[in-house]
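# Commentary on secondary and tertiary structure
Listed below, chain by chain, are the residues.
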Amino acid sequence: MVLSNRHYTRYLIAPITLSLMVSACSTASKTSAPDNTAQSDTDDTRIVDTHSEDGIDKIGISMPTQYLERWTRDGNNLKASFEALGYEVDLHYAGNLIDTQIDAIYEMIDDGVDVLVIGAVDGLSLGKVMERAYEAGIPVVAYDRLICNTEYVSAYVSFDNYQVGRLQGEYIKNALELDKVTGKIYNIEFTAGDSVDNNARFFFDGAMDVLRPYIDKGTLNVPSGQCDFYTVSTSQWSTETANVRFQILIGSYYSGDRKLDAVLCSNDSTSIGVQDAIRDSYNGGNNVVITGQDCDVENLRRLMDGRQSMDVYKNLAYEAGVTVMVVDSLYHGEVMSQSLIDSWNLDYECVYDTQSYDNGKIVVPAFLLEPVEITSDNMVQELVDNYGTYVLSEDGSLQVAE
Ligand code: BGC
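Residues numbered from 1 in each chain as written. Predicted model: local features only at pLDDT ≥ 70, side-chain atom pairs only at ≥ 80, totals over all residues.

### Examining the overall build of the protein chain
The test is simple: A run of H or I in DSSP counts as a helix once it spans at least four residues, and a run of E counts as a strand once it spans at least two, with each numbered from the N terminus. Note on burial: count the other C-beta atoms lying within 10 Å of the residue's C-beta; 20 or more is buried, 12 or fewer is exposed, in between is partly exposed, and C-beta positions come from the backbone. Whether two residues are in contact is decided by their C-beta atoms, placed from the backbone, lying within 7 Å.
Each helix and strand in the protein chain was counted, giving 13 helices and 17 strands. Across the 402 residues of the protein chain, 48% fall into the buried class. Considering only intrachain contacts with a sequence separation of at least 6, the fraction spanning at least 24 residues in the protein chain is 74%.

### Comments concerning the sheet that holds strand 10 (residues 262–265)
What counts, and what does not: Two strands are said to pair when DSSP picks up at least two bridges between them. Note on method: axes are straight lines fitted to C-alpha atoms, helices fitted across the in-contact stretch only, with angles between N-to-C directions ranging 0 to 180 degrees.
Strand order in the open sheet formed by 4 strands is 9-8-10-11, with parallel pairing between adjacent strands. On the outer flanks of this sheet lie strand 9 (220–221) and strand 11 (289–290), each paired with one strand and no other. Direction of pairing for strand 8 (residues 186–191) relative to strand 9: parallel, over a ladder of 2 bridges. Of the residues in strand 9, the one forming a bridge with Y186 is L220. Against the sheet, helix 9 (residues 268–281) makes contact with strand 8, strand 10 and strand 11, and its axis sits at roughly 155° relative to strand 10, the strand it touches most.

### Points about unusual backbone geometry
Notably, N96 is not glycine yet its phi reads approximately 65°, a positive angle. Structurally, N96 can be placed in the loop between strand 4 (88–93) and helix 3 (98–110). Residue classification places N96 among the buried positions, given that 20 C-beta atoms sit within 10 Å. Backbone geometry places E177, a non-glycine residue, at a positive phi of 50°.

### Describing the site of the ligand
Put simply, the rule is: Near, as applied to residues and a molecule or strand, means the residue's backbone-placed C-beta atom lies within 6 Å of it. Three residue categories are used. Nonpolar comprises Ala, Val, Leu, Ile, Met, Phe, Trp, Tyr, Cys and Pro, charged comprises Asp, Glu, Lys and Arg, and polar comprises the others, including Gly. How far each domain reaches was decided by an automatic or database domain assignment.
The ligand sits among L68, R70, D144, R145, G193, D197, N199, W237, N267, Q293 and D294. Here the residues of the shell around the ligand sort into 2 nonpolar, 4 polar and 5 charged. Looking at which domains feed residues into the shell around the ligand, each of domain 1 (5–159 + 315–371) and domain 2 (162–293) supplies at least three.

### Things to note about the pairing of strand 7 (residues 155–159)
For strand 7, a buried count of 5 out of 5 residues is recorded, marking the element as mostly surrounded by other parts of the structure. Across the two faces of strand 7 the burial is the same, with A155, V157 and F159 and Y156 and S158 all buried. Examined bridge by bridge, strand 6 (residues 140–143) and strand 7 share 3 bridges and lie parallel to one another. Bridging across to strand 7, A142 finds its partner in Y156. Pairing of strand 7 with strand 14 (residues 366–369) involves 4 bridges; the strand directions are parallel. Pairing of Y156 across the sheet is with A366, part of strand 14.

### Concerning the packing of helix 5 (residues 161–175) against helix 6 (residues 198–217)
Between two packed helices, both the angle of their axes relative to each other and the distance between the axes serve to describe the pair. For the record, the criterion: Should the near helix be turned anticlockwise from the far one by less than a right angle, the crossing is termed left-handed; should it be turned clockwise, right-handed.
Relative to each other, helix 5 and helix 6 sit at 35°, their axes nearing to 6 Å. The hand of the helix 5/helix 6 crossing is right-handed. Taken together, the residues of helix 6 that come into contact with helix 5 (itself represented by N161, Y162, Q163, V164, G165, R166, Q168, G169, E170, I172 and K173) are N199, F202, F203, F204, D205, G206, A207, M208, D209, V210 and L211. Looking at the contact of helix 5 with helix 6 residue by residue, the class counts come to 10 nonpolar, 7 polar and 5 charged.

### Quick word on the pairing of strand 10
Consecutive side chains of a regular strand alternate in pointing toward one face of the sheet and then the other. What counts here: Whether a crossover is right-handed depends on one test, that the path from the first strand over the helix to the second runs clockwise when the strands point away from the viewer.
Residues of strand 10 alternate between two faces, with A262 and L264 on one and V263 and C265 on the opposite face, all of them buried. Examined bridge by bridge, strand 8 and strand 10 share 4 bridges and lie parallel to one another. Residue pairing in the sheet places F190 in a bridge with L264 of strand 10. As for the winding sense of the linkage, the β-α-β connection from strand 10 through helix 9 to strand 11 is right-handed.

### Thoughts on the packing of helix 3 against helix 4 (residues 127–135)
Put simply, the rule is: Oblique is the label for every angle not falling under 35 degrees (roughly parallel), over 145 degrees (roughly antiparallel), or within 65 to 115 degrees (roughly perpendicular).
Taken N-terminus to C-terminus, the directions of helix 3 and helix 4 make an angle of 5°; their axes are 10 Å apart at the nearest point. It follows from the interaxial angle that helix 3 and helix 4 lie roughly parallel. Together, I102, I105, Y106 and I109 of helix 3 and V129, R132 and A133 of helix 4 make up the contact between the two elements. Class assignment of the residues belonging to the contact of helix 3 with helix 4 gives a composition of 6 nonpolar, no polar and 1 charged.

Here you go:
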């Protein structure tokens with residue numbers, strides 16, 4: 001594919017006109033890149049190199065961490081997909097550190113990247129740097145995690161995060177047959193994600209909307225009493241933090257003959273922490289129903305041997321594909337709309353949603369993909385035969401397809 005020539009290269013922006021420009025453009029900025037136009041040259045004039053003069057079409061990508069399997073896959077997928085279209089890619093990982101991410105984004109803006117794709121470490125901390133991107137005429141796409149409290153985000157690409165939580169909640173409901181039982185009470189505990197990740201709340205709410213009626217009815221009991229989002233959230237989605245919290249929780253509430261029946265875990269990294277705490281500290285002897293999300297290779301292994309009960313699959317290649325569609329459209333000055341999905345002929349379901357993702361300043365137009373429930377029964381059929389994103393290796397485990 002041939003990329004169109006850059007129609008603008010370098011702009012001179014005087015501070016006085018900048019503030020006018022910011023407010024005048026704020027509505028347009030809800031859905032598209034700011035339309036910067038050349039300003040007068042004064043002593044105070046700053047030169048903002050919005051689109052490099054070198055003819056290079058460069059995408060800056062900032063992923064939150066290289067320590068979790070999914071984000072390195074995201075980084076690789078995005079890089080390969082953009083390069084296949086002829087873009088250059090500058091890819092950074094932030095090691096889950098807010099400052100590292102902010103510094104890298106400033107650097108990419110100064111380097112003249114043309115569009116930014118950001119998986120935020122902390123969705124609330126990027127306001128200032130987003131403003132700088134806006135001033136430089138660089139559209140920003142929030143990748144997987146919403147960027148909050150700023151109007152300078154052009155689009156959001158993710159999965160239906162609420163539905164991820166619903167799948168987890170429904171699984172627990174069905175596994176414990178909560179609708180069928182009469183008079184039986186099951187014990188459940190909760191582990192949510194990082195509270196600075198906007199997704200974590202969506203996952204938790206989705207699951208809780210399924211499970212809360214049973215807590216209210218008394219069919220589900222929470223012996224620790226810990227069921228509000230902030231109490232059960234896990235900083236940085238850390239396996240170790242989830243593990244330590246669960247060891248304490250098991251020691252405090254399950255040391256006698258009380259049975260633990262289910263644990264809602266919002267993702268795979270926290271799920272491993274909980275599973276290992278159960279292995280090391282829980283003496284109940286029963287199979288605890290445990291959820292997850294991401295289909296990390298280690299978790300698929302645990303699904304096979306029964307330590308984890310279900311997982312939620314999010315096809316990261318699709319997420320990269322939709323991101324490329326959105327970025328390429330922004331790059332060519334197109335406005336975000338349903339018609340993008342129609343014209344790109346995606347061969348998978350993607351919903352254009354202009355209501356669900358209010359970031360505190362604007363409702364960010366979102367492109368949402370469908371998550372899929374995975375169990376040991378359907379994992380090979382879905383992940384290997386249907387999506388082809390994993391292969392079955394000789395030892396019977398699933399590995400990510402090259
Ligand atoms: C992602 C999950 C991931 C979690 C921890 C969330 O924002 O949507 O897929 O497990 O972050 O990295």
